[in-house]
Amino acid sequence: MPGITREEVAHLARLARLELTAEELDHFAGQLDDIISAVARVADVATEDVPPTSHPLPLTNVMRPDEVRPGLTAEQALSGAPAQEQRRFKVPQILGEE
Amino acid sequence: MTVTDLVSYEDALASYDPVMGLEVHVELGTKTKMFCGCATTLGAEPNSQTCPTCLGLPGALPVVNATGVESAVRIGLALNCEIAEWCRFARKNYFYPDMPKNFQTSQYDEPIAYNGHLDIQLADGEVFRIDIERAHMEEDTGKSTHIGGATGRIHGASHSLLDYNRAGIPLIEIVTKPITGAGARAPEVARAYVAELRELIRALGVSEARMEMGQMRCDVNLSLRPHGREKFGTRSETKNVNSLRSVERAVRFEVQRHAAVLDDGGVIVQETRHFHEENGTTTSGRVKEEAEDYRYFPEPDLVPVAPEKEWVERLRAGLPELPLTRRNRLREEWGISAHEMQSALNAGAVELVVATVEAGADAASARKWWMGELARRANELGVELSTLPITPSQVARVAALVAEGALNDKLARQAIEGVLAGEGGPDEVVEKRGLRIVSDEGALGQAVDDAIAANAAIADKVRGGKVAAAGALVGAVMKATRGQADAGRARQLILERLGVEG
Amino acid sequence: MDDLIRLTAAELGARVADGSVSAVEVTEAHLARIDAVDEKVHAFLHVDREGALAQARAVDAKRAEGERLSPLAGVPLALKDIFTTEGVPTTAGSRILDGWIPPYDATVTRRLKEAGVVILGKTNMDEFAMGSSTENSAFGHTGNPWDLTRVPGGSGGGSSAALAAFEAPLAIGTDTGGSVRQPASVTGTVGVKPTYGGISRYGMIAFSSSLDQAGPCARNVLDAALLHEVIGGHDPLDSTSIDAPVPPVVEAARNGTAAGLRVGVITDFGGEGFQLGVMRRFEEAVALLGDLGAEVTEVSCPSFEAALAAYYLIAPSECSSNLARFDAMRYGLRIGDDGTRPAEEVTSLTREAGFGAEVKRRIMLGTYALSSGYYDAYYGSAQKARTLVVRDFQRAFDHVDVLVAPTTPTTAFPIGERADDPMAMYRADLCTIPVSLAGNAALSVPCGLAPEDGLPVGLQIIAPAMADERLYRVGAAVEAAFQARWGHSILEEAPAL
Ligand SMILES: [Mg+2]
Ligand SMILES: [Zn+2]
């Protein structure tokens, strides 16, 4: 399966919202290819009969009651905002779905 | 495409069979959000109901709202679903500024409820079964306000402002299996399904499901296939259709649009579309260069949800009578047709009539007032029937006054008008406006004598056997008493005096 | 003043409690030490002088009022910059969070404050805890106090270096694949990765949620136990927090013994890539355990071979999602917002400028491993390999009470040596990763200096989940026996700064 192309790396960068430079694309393509070749071996041990473990804890049903807990004030919420307006987070234009 | 390019609905149905899939998102009415303890009160100051978790601050973690899970299970049970013995949340990864973590905590291949159905009743009384694929738990996004573009549209905006008070409010997404066999009635079926689902959600008490408030939103998937073809056509997904009427119109429009494209030898593109309330059309969403890849994986910050069998059975036993069953029972009790029940449902009058009957009125008069005078008023004002400033017990009191002969219909309408105008309860209005029927026999007798004397010619006709002419004399009595006489009693007295059998 | 910085946390706590020294004096001594040496070591990203002194004054005031103090009240601590601290900058070693001041405290932060522990400041780390050398910090590397040209381990190199340089007697680290244990090993200090779920993750900036675990760092086993008790225990704000009392770690640390204990030596580590001197010190430690009355057997864990690969799929996958929130919209860096660029582009430019190479590499690797069509082969297979590692541990713990292994294959390596060779860097965590995958508890305690370079070597002791006290019982026994043999603590041999 390994053999990751520069185009694939570019696609991943778009999915991950990373504006990589041309040099980075080349560099990462090589390194990711190495790493992926090395980690692909997990498929060898992952036979049908082995169930996956997504979490080390055997816990289930951890829930909280539906009770209001104090949160942040609007000032605190907005305290780290790169820009704000009308007590809201100001963000650049969102590419429309229209 | 303009409306004139569309194929007529009848022509479209002559060639094609519509297949629908409806995805409904319901905002639960829990006190707190799905994964944090922030309040969910509507209308709060922007960003005042937030915390590190629902703002997606670094380091913050989610904890599941127990009532959210309970509501999901109850909805699943009411939809005749199987309830998962073990299921997980998953992360749906995509970037969007209204989503603080840039993933939505949702459920993927392990929904909490699956494989159910909901029976709906069409206007002609026919019951149509909608198969339910799944109902799963997830969270809402924040709210963006787009600045600088035309009419608040995202398109052409210079920037947007974000309020995360809504971010993290629990959502239940209910997805149907493909709905086939509706034929020409597809728009009606879609509307009736969403209406029935709304009734169900309200009956369960898990949400007010007010579509105009965005508490319930519907995505309409539609495709056409030529008659006799097994395989489904390519579908379009019309997003966020937010009223019952719009659901019906969106389906109808898409049927016509698809048919036009297909008739032209064109190909339907699988895309999201937007519905426009103002003209009932849909337009294409942004064309994405690449297919979305949500990279779902089990949410590692949460542990699995494993509803215990006993608990699920307790919830099942505690379900209320389901709306359709209940409406059918009421329909029989009230002695009305399926069509009349449907009208009451569409008008939002069913619960009001029930409450009025519970307050002592008979079903016929309760229905008469709510579906007549009051529905007309609500319509004029463009508001929901339930928001009129009159209570079922006040309507019941009006009905009682009529039943005991204290008011006639005309006076009763005036009494209701007074209540709606804020003049007080029915008794107070009757008192203040002096609406009580003149039942004093002396005063009424005098008015009758006056009327006979003043209309001798008519009185003669009545004496001569033209009983129908007595109406004019009753009219004169009513006029003289400014409508406050009991018209029936007046008629009786007139006929007595004139020596005619009624 | 000089001796205050060389006392143990337990001693300092006792002295503050009995009034023989004030918390302010203790704090000032450590701030002075930071002033003197941190320019060279660069353990701290931010020193919170005012906050620390205020906290110390509060402890002294409490004592003056006759209030009972907790055992660590007035004892200074270096906090890894991955924990949120209300009003104090928190960066996780990343430029993308440069200047961010959190509006809330992590649960660990809150518990430290409640116990009167004096937080001196925030320590350097590999960006978002991704690394094994602290070279991936956006704010410069940290030197190993044993040899400033070498790495102090990572990701929590700032915390381990602060301990080894006597800038603080206590520190907090986080361990996803070894980031507490490996730095402890290469700096001659003690580091513990508790059972997964033993310490709240709330407010700890996530790298890999199913692996991340905070842990105590100290210069001796008892101090680590005292700190463990302060920060451990159930937290309703963390769904993966274990709802049970903290294991009796302090009691265990005070009563160190290995007598009658069944110790399993993991035979799967060694050979290529393992430094000879490291293996020699490890073998000596095993022999010592036998001398102390432990029943030593050999245990093979064949699935550990796949652990590194599984880890380098699971951790990047989870991090690719955890780090998506750094998008320039609500907090942190924003680059390129010139009024014309759409949000999507501003996000991409900001992430490009704000993340370092290793973080980008792992985000891309994780994005790849989770993408449709690859999920089963990579993420799915890694989860299965994880099951096999868990089973190996279960089998082993059927026969032994604890397992031992080297903490890391080599001693501290020179700064720059593995900087752009990810696979070489990843091998530093070879011996620590299996424990992380299984969620077990492990501790690294010094077991001598490697003969070839004179640098510290760590012994890793591993216990089953929820049996953290075993680490402290054995760790304290080993520590006492070695110190008796050497005549002093290993850090006495470190060169003066
Ligand atoms: Mg959804
Ligand atoms: Zn919240």
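In this text the structure is predicted, and so the values were computed from the model without any measurement. Position numbers for residues count from 1 along each chain, tracking the sequence in the order it is written. Throughout, the order in which chains and ligands are written sets their labels, letters from A for the former and numbers from 1 for the latter. Reporting of local features is limited, given that this is a predicted model, to residues whose pLDDT is at least 70; pairs of side-chain atoms are given and counted only at 80 or more, and all residues count toward the totals for whole chains, interfaces and linings. To obtain the side-chain values, all non-hydrogen atoms of the structure were used and water was disregarded.

A. Summary view of the coordination of the zinc ion (ligand 2). All names here are of chain B. All of the protein donors around the zinc ion (ligand 2) are Cys36 (SG), Cys38 (SG), Cys51 (SG) and Cys54 (SG); their distances to the metal are 2.3 to 2.4 Å. Its 4 donor atoms give the zinc ion (ligand 2) angles of 100 to 116 degrees at the centre, a pattern that matches the tetrahedral case. Of note, the donors binding the zinc ion (ligand 2) are all from one chain and are spaced C-x1-C-x12-C-x2-C. With Cys38 in the loop between β1 (16-27) and β2 (64-65) and Cys54 in the loop between β1 and β2, this residue pair connects regions lying 16 residues apart in the sequence. Burial classification: accessible surface area is computed with a 1.4 Å probe over protein chains only, and a residue below 20% of its type maximum counts as buried, one above 50% as exposed, and the rest as partly exposed. Under the relative-accessibility criterion, Cys54 is labelled buried at 7%. Only N, O and S atoms count as donors, using a 2.8 Å limit from the metal and a wider 3.2 Å limit for Na, K and Ca, and since water is excluded some coordination spheres may look unfilled. Labels for metal geometry use angle windows, namely 85 to 135 degrees for all angles of a four-donor tetrahedral site, and for square planar (four donors) or octahedral (six donors) sites opposite donors over 155 degrees apart plus all others within 65 to 115; sites meeting none of these are irregular. Here a helix means four or more residues in a row that DSSP labels H or I, a strand means two or more in a row labelled E, and each is numbered from the N terminus.

B. Structural view of the pairing of strand β6 (residues 113-121) of chain B. All names here are of chain B. Think of it this way: DSSP has to see at least two bridges between two strands before they count as a pair. Where strand β3 (residues 82-83) lies against β6, 2 bridges are found, and the strand directions are antiparallel. Bridging across to β6, Glu82 finds its partner in Tyr114. The sheet contact formed by β6 and strand β7 (residues 127-139) spans 8 bridges and is antiparallel. Considered in β7, the bridge of Gln121 is made with Val127.

C. Structural context of the packing of helix α10 (residues 307-322) of chain C against helix α12 (residues 357-370) of chain C. Residue and element names in this part refer to chain C. Orientation is described by lines fitted to C-alpha atoms, with helices fitted over the stretch in contact, and by angles between N-to-C directions that extend from 0 to 180 degrees. Put simply, α10 and α12 touch, their axes get as near as 7 Å, and they point 100 degrees apart. Comparing their axes, α12 and α10 come out roughly perpendicular. From α10, Tyr312, Leu313, Pro316, Ser317, Cys319 and Ser320 reach across to α12, where they touch Arg362, Ile363, Leu365, Gly366, Thr367, Ala369 and Leu370. Partitioned by chemical class, the residues of the contact of α10 with α12 number 8 nonpolar, 4 polar and 1 charged. Should an angle lie under 35 degrees it is considered roughly parallel, over 145 roughly antiparallel, and from 65 to 115 roughly perpendicular; all remaining angles are considered oblique. In this description, contact between two residues means that some pair of their heavy atoms is separated by no more than 4.5 Å. Nonpolar residues are Ala, Val, Leu, Ile, Met, Phe, Trp, Tyr, Cys and Pro. Charged residues are Asp, Glu, Lys and Arg, and all others, Gly as well, are polar.

D. The arrangement of a negative patch on the surface in detail. In this analysis, a patch consists of residues with relative accessible area above 30% that form no salt bridge, clustered at 9 Å for like charges and at 5 Å for the nonpolar side chains Val, Leu, Ile, Met, Phe, Trp and Tyr. Residue-level accessible areas treat just the shown protein chains as cover; the underlying method is Shrake-Rupley with a 1.4 Å probe. Salt bridges are counted wherever a side-chain nitrogen of Lys or Arg sits within 4 Å of a carboxyl oxygen of Asp or Glu. Counted as positive: Lys and Arg. Counted as negative: Asp and Glu. His and the chain ends are not counted at all. The location of each charge is read from NZ of Lys, CZ of Arg, CG of Asp or CD of Glu. Taken together, the side chains of Asp5(B), Glu10(B), Asp11(B), Asp263(B) and Asp264(B) present a region of like negative charge at the surface. Its location among the elements puts Asp264(B) in the loop between α4 (244-263) and β13 (272-276).

E. Structural view of the coordination of the magnesium ion (ligand 1). Residue and element names in this part refer to chain B. Of the protein atoms, only Glu138 (OE), Glu138 (OE) and Glu173 (OE) coordinate the magnesium ion (ligand 1), at distances of 2.0 to 2.6 Å. With a gap of 35 residues between them, Glu138 in strand β7 and Glu173 in strand β10 (residues 170-176) connect regions that are remote in the sequence. Residue Glu138 shares its accessibility class with Glu173, and that shared class is buried.

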